[in-house]
Amino acid sequence: MKKIVSLLAFLVLALSAFAQRSVFGIAQEIGKSEIVLDESAPPVPGIADAARAFCTKYSGNSMTDAIMRHLCNPEAADPAVKEFTFDQENNFIGVVMTKGEQAGTQLRLWPLPDGRIKLAVKMVNYDEDSLPRIHFFSFVPERRAFVRISHPEGLWYGDITDFLIPSRGNDITVTNEYSPADIIRLGEDGEFRFINSTPNAISCSINDPDPSHKTNLRDGPGGAVVRQIDSRDFQGIDVFQPYQGWWRVIGARPDEDAEQVQPVKYSDGLWIHSSVLSMHTRNYNGEALSLRKSPSAKAEVVGNVFTDSIKVRPLDIYGDWVKVKCSAGTGWIEASWLCGNSFTYCS
């Protein structure tokens, strides 16, 4: 058996010299075919069996090749690997590479109580691809294969900087550049679900009446000014957690034409006043909109009905509703009718 595994590892390394696969290249290939177990694997695979199948299928990448080397010869020194984790009891394998700005992969297998088996694989290498990638699979015993399943609804790569698959537990951490970490959770029903850490958040334009265009960002509601930004340098700003006229800042992205402008990040812990924020209604086709007394379609109408797109100031948020102040009055409107982009229409 050891001779067969060693021969397989040799073939993997030999093939990698001819066909290098990037993280993006592997992502493009996944889903077009199944990951079939080796004939020597047991009917109910463990993490080592799943890892061998995956790494053999997608050989020619520094991370998949490193995993194969360690599985075949765990005692051998590997200068390409900074850290290797093989937790057979918890069905987890992780590798951190020594080269690259950030490079590593994690594989986790979940045997479910009903006999089903799920697999998640994270790969990231910023020298090969600007985005980390995560893939989900379900084991089909009849075909002895792992078949790719869709990403959970709500997950989009956007500003994601990494996925952290745990060696224990069912929560995969999704780290973001401009916002708190989200979660992908494997539920008791065997389904992966995306949990947004900032569900009550909105995107706004910065609309500061100050002629200097300098907008204050503070260390808390009404707190000290810790940064000033030129509103003309930013595409917009994402906010949540309103408190007495203030909004907590998730992040703000500099405009593409704004050179050497630092982004605003959630980790900066900044707040902005609602008076310098604006949105527009999306009734571009003359739809009749009105403001309501409370966040409900059945609530009393307290503002004038208007049929043109108008500018509003966000005051509060509750679920799918945003409280705004505008020329039509003050009240609640469904968030789906609001747009935070001041340069173009929201589709």
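Residues numbered from 1 in each chain as written. Predicted model: local features only at pLDDT ≥ 70, side-chain atom pairs only at ≥ 80, totals over all residues. Heavy atoms only, no water.

Describing the overall build of the protein
Item 1. A count of helical and extended segments in the protein gives four helices and 22 strands.
Item 2. Overall, the protein is about 80 × 45 × 35 Å in size when its C-alpha atoms are taken along their principal axes.
Item 3. Taken over 347 residues, the protein has a buried fraction of 44%.
Item 4. Long-range pairs, those at least 24 residues apart, make up 51% of the contacts in the protein with a sequence separation of at least 6.
Item 5. Here the protein displays about 18000 Å² of accessible surface, and carbon together with sulfur accounts for 49% of that area.
Item 6. Separation of charge centres in the protein, based on 35 positive and 43 negative side chains, amounts to 2 Å. (Helix = DSSP H or I, 4+ residues; strand = E, 2+ residues; numbered from the N terminus. Buried < 20%, exposed > 50% of the residue type's maximum accessible area, 1.4 Å probe, protein only. Contact = heavy atoms within 4.5 Å. Areas by Shrake-Rupley, 256 points an atom, 1.4 Å probe, with all protein chains shown as cover. Lys, Arg positive; Asp, Glu negative; His and termini not counted. Charge placed at Lys NZ, Arg CZ, Asp CG, Glu CD.)

Here's the deal with the sheet that holds strand S9 (residues 171–176)
Item 1. Spatial ordering of the open sheet is given by S8-S9-S10-S11, a layout of four strands whose pairing is antiparallel. Edge strands, defined here as strands with exactly one partner in the open sheet, are strand S8 (160–164) and strand S11 (192–195). Strand-to-strand twist of the sheet, defined as the mean angle between neighbouring strand axes without regard to direction, takes the value 20°.
Item 2. Both strand S10 (residues 182–186) and S11 contribute to a ladder of four bridges, which runs antiparallel. Bridge assignment links Ile183 to a residue of S11, and that residue is Ile195. (Pairing = 2+ DSSP bridges. Axes fitted to C-alpha atoms, helices over the stretch in contact; angles between N-to-C directions.)

Here we look at the packing of aromatic side chains
Item 1. As enumerated under the stated definition, the model contains seven aromatic pairs in all.
Item 2. Relative to Phe137, the ring of Phe54 has its centre 6.3 Å away and its plane inclined at 70°; by these criteria the two rings are edge-to-face. Residue Phe54 is located in helix H3 (residues 47–57), and its partner Phe137 is located in strand S6 (residues 133–140); the two are separated by 83 residues in the primary sequence.
Item 3. Ring centres of Phe136 and Phe192 lie 4.5 Å apart, and the angle between their planes is 45°; on these two criteria the pair is classed as tilted. (Phe/Tyr/Trp six-rings, centres within 6.5 Å; stacked < 30°, edge-to-face > 60°.)

Describing the packing of H3 against helix H4 (residues 62–72)
Item 1. Where H3 meets H4, the closest approach of the two axes is 9 Å, and the angle between their N-to-C directions is 135°. Relative to H4, H3 is oriented oblique. H3 and H4 meet at a crossing whose hand is left-handed. When H3 is examined against H4, the residues Ala48, Ala51, Arg52, Phe54, Cys55 and Thr56 are found in contact with a partner set consisting of Thr64, Ile67, Met68 and Leu71. (Parallel < 35°, antiparallel > 145°, perpendicular 65-115°, else oblique. Left-handed = near helix turned anticlockwise from the far one by under 90°.)

As for H4
Item 1. Counting buried residues in H4 gives eight out of eleven residues, a clear majority hidden from the surface.
Item 2. Taken residue by residue, H4 has Met63, Thr64, Asp65, Ala66, Ile67, Met68, His70 and Leu71 as its buried positions.
Item 3. Its side-chain oxygen placed 2.8 Å from the backbone nitrogen of Met63, Asn61 serves as the N-cap of H4. (Polar contact = N/O pair within 3.5 Å; in protein donor to acceptor, adjacent residues only side chain to side chain.)

Any functional reading would require information that these geometric values do not contain.
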